[in-house]
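Analysis of the macromolecular model
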Amino acid sequence: MKANSSARVRFAPSPTGFLHVGGARTALFNWLLARHCGGTFILRIEDTDRERSSKEMTAAILDGLEWLGLDSDEGPYHQAEGTDRHRADALALLERGSAYRCFCSPAELDARRAAAGEGYRYDRGCAAIASVESDRRAADGEPHTLRFRVPAGVTAWDDVVHGPIEFANADIEDFIVLRTDGSPIYNMAVVSDDAHMRITHVVRGADHISNTPKQILLYGALGLALPVFAHVPLILGLDGKRLSKRHGATAVSEYRNEGILPDAMVNFLALLGWYPGEEREILSRAEMIERFTLEGINRKAAVFDPVKLSWMNGQYLNGLSAESLLEAVTPILIERGWIDAVEIQGRRDTLLRMVDLLKTRARTIAEIADQAEPYVRARPAYDPAAIARHWKDPAETKRRLAAMRSLFAGASTWDASELEPAVRGLAAQEGVGAGRIIHPLRVAVTGLSDSPGIFDVLGLLGRDRTIERIDSAIERLDEMERGAHAG
């Protein structure tokens, strides 16, 4: 069933936790549907659970949606603000005979449940109470809930994702719609809100399928038109189990902190259970909006692959300008104490070249920051493994570094076209492969055994900093020699 420009969809998170991957994807599918058909995307915070809901979690959810760029057309509304309407709709069910008061105490229900064992359903003990007696007991202040009177038959709907689904009403107990304090139960509040907001398409996780027959019954009893239901597949980890904290970061904010870009996250989430019509995986938002339909959602569970997310983020990272990357990376560098705001301004051109060089080897903003350490700190931190591998003979390494220092100091230009022949010429003079010269040099100037191309690194550092670092490396090699002799 295709949506049209009158489609009204909603994302309705509960503020009892952060915005997680599953919720973010549900929000995205609703947002894409609304944008595809020129409809309305509504944000509703389902905060009727006062004990578990918090303003902090609400703020975190809104922050996550803002980071993903999923702007709402209406809201955020708060479900708690509609409690009077929820209660009025529930009492309308009572007036129509579709609901009745239940005076059974929690202790009585617990005893019956314990006696009946697994599969207990309410036995309709209060369903036969005459309305006059029910009214009198309520007027006398006797505690009671309001239960929906489930009719005989079958409740069915044609789910856009899963096709025809039906539940035997005999398997649905007369469920509570109002608690003893008059507050609405979840299904009552949802139906009341969706009807009030004129929601035409309910797009949500497949874990809500069991709620749907109850909600359909409520719609029918209140004389309301049904929305279209589309239950999107669950998201599983690589082990085939439902995605949870054991699979790593599942809150959207954690991925942002790890350096995942919002466009990459949106692209990745969109493909978790939705097929755009071709195998191409990198899609712009405009392309996703143009192609999105509910019919493209698969019923099969989607698998969250963090390696694929990392790869996709790398694709987006490479497409960003150096200016954008530097803006994203510098707060991390400042936080780590490797550079300050004044230095950033003074070395801006060099730093722009740095992020352009490093982005091809990174999958996240954080990885660019990690790789930037040798280029922004005054001196590199030598990796012991790199020293053990490439500085095995301190005296020989020191001699070759000193020779390279002389070559670099006398170079007429600081350009790879001159530096590379000089380094390779020294290797030929020493009778060794170029790697035997380049690898020790890389450790000297970066502290690491791995980096971008050495001549790109030298160009980035510049003549003076390169020579300074070679001098520091020679000092370190002197210390190693003295330690070896002392040993």
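Residues numbered from 1 in each chain as written. Predicted model: local features only at pLDDT ≥ 70, side-chain atom pairs only at ≥ 80, totals over all residues. Heavy atoms only, no water.

**Re the overall build of the protein chain**
What counts here: By definition, any uninterrupted DSSP run of H or I lasting at least four residues is a helix, any uninterrupted run of E lasting at least two residues is a strand, and each is numbered from the N terminus. Here the globule rule is a power law, 2.2 Å times the number of residues to the power 0.38, and the radius of gyration is based on C-alpha atoms. Buried means the residue's accessible area, taken with a 1.4 Å probe over protein chains only, is under 20% of the maximum for its type, while exposed means over 50%, and partly exposed covers the values in between.
Helix and strand counts for the protein chain come out as 20 helices and 12 strands. In terms of overall size, the protein chain is more extended than a compact globule, its C-alpha atoms giving a radius of gyration of 32 Å where 487 residues would be expected to give roughly 23 Å. The dimensions of the protein chain, computed from C-alpha atoms along their principal axes, are 105 × 50 × 40 Å. Looking at the protein chain residue by residue over its 487 residues, the buried ones come to 48%.

**Overview of the packing of aromatic side chains**
For clarity, the cut-off: When the centres of two rings from Phe, Tyr and Trp lie within 6.5 Å, Trp using its six-membered ring, the rings pair. Their planes under 30 degrees apart give stacked, over 60 give edge-to-face, and anything left gives tilted.
Scanning the entire structure with this criterion turns up 9 aromatic pairs. On the numbers, 5.8 Å between centres and 45° between planes, the contact of Tyr 255 with Phe 304 is tilted. Residue Tyr 255 is located in helix α8 (residues 252-257), and its partner Phe 304 is located in the loop between β12 (302-303) and α11 (306-319); the two are separated by 49 residues in the primary sequence. Considered together, Tyr 255 and Phe 304 belong to a single accessibility category, that of buried residues. Summarising the aromatic geometry, the rings of Tyr 382 and Trp 391 are spaced 5.4 Å apart at their centres and angled 55° between planes, so their arrangement reads as tilted. Looking at Tyr 382, the relative accessible area reads 17%, which means it is buried.

**Thoughts on unusual backbone geometry**
At the junction of Gly 75 and Pro 76, the peptide bond is cis and its omega measures out at 15° in the coordinates. Note that Pro 76 resides in strand β3 (residues 74-78). Unusually for a residue other than glycine, Arg 124 sits at a positive phi of about 60°. Its place among the elements puts Arg 124 in the loop between α4 (106-116) and α5 (131-139). Here Arg 198, not a glycine, exhibits a phi torsion of approximately 60°, which is positive. Inspection of the secondary structure puts Arg 198 in the loop between α6 (186-196) and β9 (201-205).

**What to know about the side chain of Ser 134**
For the record, the criterion: In protein, a polar contact requires one atom able to donate a hydrogen and another able to accept it; more generally it is a pair of N or O atoms within 3.5 Å, and residues adjacent in sequence count only if both atoms are side-chain atoms. Contacts are assigned to residue pairs with any non-hydrogen atoms lying within 4.5 Å of each other.
As for its placement among the helices and strands, Ser 134 is situated in helix α5. Of note is the side chain of Ser 134, whose polar atom sits 2.8 Å from the side chain of Arg 101. In this view, Ser 134 contacts Arg 101, Phe 103 and Ile 129; residues no more than four positions away in its chain are not counted.

**Some words on the nonpolar core**
As a reminder, the rule being used: Here, nonpolar core means buried Ala, Val, Leu, Ile, Met, Phe, Trp, Tyr and Cys residues that are tied together by side-chain atoms lying within 4.5 Å of each other.
Core analysis: the biggest nonpolar cluster contains 106 residues, and Met 354 and Phe 408 have the highest contact counts within it. Every residue in contact with Met 354, bar those within four places of it in the chain, is listed here: Leu 333, Ala 372, Tyr 375, Val 376 and Leu 460. Within the second largest apolar cluster, 28 residues are counted, among which are Phe 148, Phe 175, Leu 217 and Tyr 219.

**Regarding the pairing of β9**
Under the convention used in this document: Note: two strands are recorded as paired if DSSP finds a minimum of 2 bridges between them. The path from the first strand over the helix to the second decides the hand: if it runs clockwise while the strands point away from the viewer, the crossover is right-handed.
Among the 5 residues in β9, 5 count as buried, and that is most of the element. As paired strands, β9 and strand β10 (residues 228-232) are joined by 5 bridges and run parallel to one another. Its bridge partner lying in β10, Val 202 is registered against Phe 229. For the handedness criterion, the β-α-β arrangement of β9, helix α7 (residues 212-221) and β10 is classed as right-handed.

**Considering the side chain of Asp 194**
Examined against the element boundaries, Asp 194 turns out to sit in helix α6. Ignoring any residue separated from it by four or fewer positions in sequence, one finds Asp 194 in contact with Arg 10, Arg 44, Ile 199, Val 202 and Tyr 219.

**Some words on the sheet that holds strand β5 (residues 145-148)**
To keep things clear, this is the line we draw: Fitted lines through C-alpha atoms serve as axes, helices being fitted only where they are in contact, and the angles separating the N-to-C directions of these axes extend from 0 to 180 degrees.
Spatially, 3 strands are ordered β4-β5-β8 in an open sheet, and the strand pairing comes out antiparallel. The sheet is open, and its two borders are formed by β4 (99-102) and β8 (176-178), each paired with just one other strand. Sheet twist, expressed as the mean angle between neighbouring strand axes with direction ignored, is 40°. Sheet topology places β5 next to β8; 2 bridges connect them, and they run antiparallel.

**Some points on helix α19 (residues 435-446)**
Worth spelling out the cut-off: An expected span of 1.5 Å times one less than the residue number is assigned to each helix.
Taking 1.5 Å per residue, 12 residues should reach 16 Å; α19 reaches 16 Å between its end C-alpha atoms and fits that length. Taking burial as the measure, the 12 residues of α19 include 9 buried ones, the bulk of the element. Every buried residue belonging to α19 is among Ile 437, Ile 438, Pro 440, Leu 441, Arg 442, Val 443, Ala 444, Val 445 and Thr 446, and all of these are buried. Looking one or two residues beyond α19, the residue adopting positive phi is Gly 447, at roughly 85°.

**Considerations on the pattern of salt bridges**
Pairing is possible between side chains that carry opposite charge, provided their charged atoms lie close to one another. This is how the line gets drawn: The rule for a salt bridge is simple: a side-chain nitrogen of Lys or Arg has to be within 4 Å of a carboxyl oxygen of Asp or Glu.
Scanning the entire structure with this criterion turns up 34 salt bridges. As a salt-bridge pair, Arg 10 and Asp 194 come within 2.9 Å of each other at their nearest N and O atoms. One end of the pair, Arg 10, is in strand β1 (residues 8-11); the other, Asp 194, is in helix α6, and 184 residues separate them in sequence. The burial state of Arg 10 is the same as that of Asp 194; both residues are buried. With a shortest N-O distance of 2.6 Å, Glu 481 and Lys 398 are connected by a salt bridge. Pair noted here: Glu 481 is in helix α20 (residues 454-486) and Lys 398 is in helix α17 (residues 394-410), with a separation of 83 residues, a long-range link. Its relative accessible area of 18% is what places Glu 481 among the buried residues.

**Some words on the packing of α6 against α7**
For any two helices packed against each other, the geometry is given by the interaxial angle and the distance between the axes. As a reminder of what qualifies: Our angle categories are set so that under 35 degrees counts as roughly parallel, over 145 as roughly antiparallel, 65 to 115 as roughly perpendicular, and the remainder as oblique. Helix crossings are classified by the rotation of the near helix relative to the far one: an anticlockwise turn of less than a right angle makes the crossing left-handed, while a clockwise turn makes it right-handed. Each residue is assigned to one class: nonpolar for Ala, Val, Leu, Ile, Met, Phe, Trp, Tyr, Cys and Pro, charged for Asp, Glu, Lys and Arg, and polar for all the others, Gly among them.
Contact pair α6 / α7: the axes reach a minimum separation of 10 Å and the direction vectors enclose 55°. It follows from the interaxial angle that α6 and α7 lie oblique. Our pair here, α6 against α7, has a crossing hand that is right-handed. Contacts between α6 and α7 involve Tyr 186, Asn 187, Met 188, Val 190, Val 191, Asp 194 and Ala 195 on the former and, on the latter, Lys 214, Gln 215, Leu 218 and Tyr 219. Residues belonging to the contact of α6 with α7 are distributed by class as follows: 7 nonpolar, 2 polar and 2 charged.

**Details of the pairing of β1**
Here β1 shows a buried face lined by Arg 8 and Arg 10 and a second buried face lined by Val 9 and Phe 11. Bridge count between β1 and strand β2 (residues 40-45): 4 bridges; the pairing is parallel. Each bridged residue has a counterpart across the sheet, and for Val 9 the counterpart in β2 is Phe 41. This β-α-β element, β1 to helix α1 (residues 21-37) to β2, shows right-handed connectivity.

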